[in-house]
Amino acid sequence: MSARTDRTPLPRSFFDRPVLTVAPDLLGRILVRRTPEGPMELRITEVEAYEGEADPGSHAHRGRTERNASMFGPPGHAYVYFIYGMWFSLNLVCGPPGHASGVLLRAGEITAGADLARKRRLSARNDKELAKGPARLATALEVDRSLDGADLCAGPGSPLSLLAGTPTPPDLVSNGPRTGVGGAGAIHPYRYWITQDPTVSPYRAHAPRRRST
C-alpha cells in the first residue's frame, strides 16, 4: 500500500452514524485484536451492512433478544454471534443506542501477527486466505462470544479497537447483494468490498439448508 497508514484510534462518533454510511467507510481501516499471546491487526477489505428491525436479513428484524442485545447499542461495540453450530462472526455496532444496526466484517488482510493467525487457520493455503470470509476472519483473530459487547473505543485495554488506517477511495469500492442472505433481505446491495482485492471472499447466493429427516 502506497498511502501511509494512520494509527489514530477512531472515536465513538465514527460508529454513531447510519450503517450504510459506516459500512463502506470501514474499508481500509485497521482492526486491532489483542490476545494473551500478542496483538494481531487486520486491514478490512469486505463488509456487509444490516439495518436492524427494518431489514429482513438482520438478526434484529423481529426485535431484541438475549442473543442480539449488543446490536441495540451503544455504538462502537462488538456483536458476536454463533452460526451453524460451528462458527463465530464479528459485527461492529452502529447508529444511536436503541436502533439495532451493525456491520459484519466479512474479510480482510492480516497485516500484523500473521504468525498467530496461521496457528489458528492451519487449513489456509496462503496468507491471503487467513481471513477470507467471516468465519475464517473470526477464527484467525480468535473471536468468540466472550467478545460480544466489547467496547472498541475503550482504549488499549480493550481486546478490540479500530484505527483510522487508509480509507479506501470511493472509486475503488464495489457493492452488491449480501452473501447467503435469502428472502426479502436478499435484494439489498449492502455488501461492500475493495475492488479486486485478493482477500475478498467469493459471492455466494442463498441456498436453503436441508433438514435431516
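Quick notes on the rules
Residues numbered from 1 in each chain as written. Predicted model: local features only at pLDDT ≥ 70, side-chain atom pairs only at ≥ 80, totals over all residues. Heavy atoms only, no water. Helix = DSSP H or I, 4+ residues; strand = E, 2+ residues; numbered from the N terminus. Buried < 20%, exposed > 50% of the residue type's maximum accessible area, 1.4 Å probe, protein only. Salt bridge = Lys/Arg side-chain N within 4 Å of Asp/Glu carboxyl O. Core = buried A, V, L, I, M, F, W, Y, C linked by side-chain atoms within 4.5 Å. Contact = heavy atoms within 4.5 Å.

**Q** Hey, could you run me through the side chain of Thr-45 in this one?
**A** For Thr-45, the location among the structural elements is in strand E3 (residues 38-50). Residue Thr-45 is classed as buried on the basis of its relative accessible area, which comes to 0%.

**Q** What am I meant to see in the pattern of salt bridges here?
**A** Pairing is possible between side chains that carry opposite charge, provided their charged atoms lie close to one another. Within this structure, the stated rule accounts for 14 salt bridges. The partner of Arg-106 in a salt bridge is Glu-46, with the nearest N and O atoms 2.9 Å apart. On the criterion of sequence distance, the pair formed by Arg-106 in strand E6 (residues 102-112) and Glu-46 in strand E3 is long-range, its members being 60 residues apart. It is possible to trace a salt-bridge network through shared partners that takes in Glu-46, Glu-48, Arg-106 and Arg-191.

**Q** Quick question: what am I supposed to make of the nonpolar core here?
**A** Grouped burial of nonpolar side chains is what soluble globular proteins tend to show. Judged by nonpolar contacts, the single largest core of 42 residues is most densely connected at Leu-26, Leu-31, Val-47, Leu-90, Leu-105 and Leu-162. With five residues, the top contributor of residues to this core is E3. Beyond its immediate sequence surroundings of up to four residues, Leu-162 is in contact with Thr-8, Pro-9, Leu-10, Phe-14, Phe-15, Leu-26, Arg-29, Ile-30, Leu-31, Ile-44 and Leu-152. One finds Phe-72, Ala-100, Leu-104 and Val-181 within the second-largest nonpolar core, a separate group that totals nine residues.

**Q** So what exactly am I meant to see when it comes to the environment of Val-143 here?
**A** Structurally, Val-143 is set in the loop between helix H4 (134-140) and strand E7 (160-165). For Val-143, a relative accessible area of 5% translates into the label buried. Each C-alpha atom of the pair Val-143 and Thr-35 lies 9.8 Å from the other, and the pair is 108 residues apart in sequence. Not counting residues within four places of it along the chain, the set of residues in contact with Val-143 comprises Arg-33, Val-80, Phe-88, Leu-90 and Ala-138.

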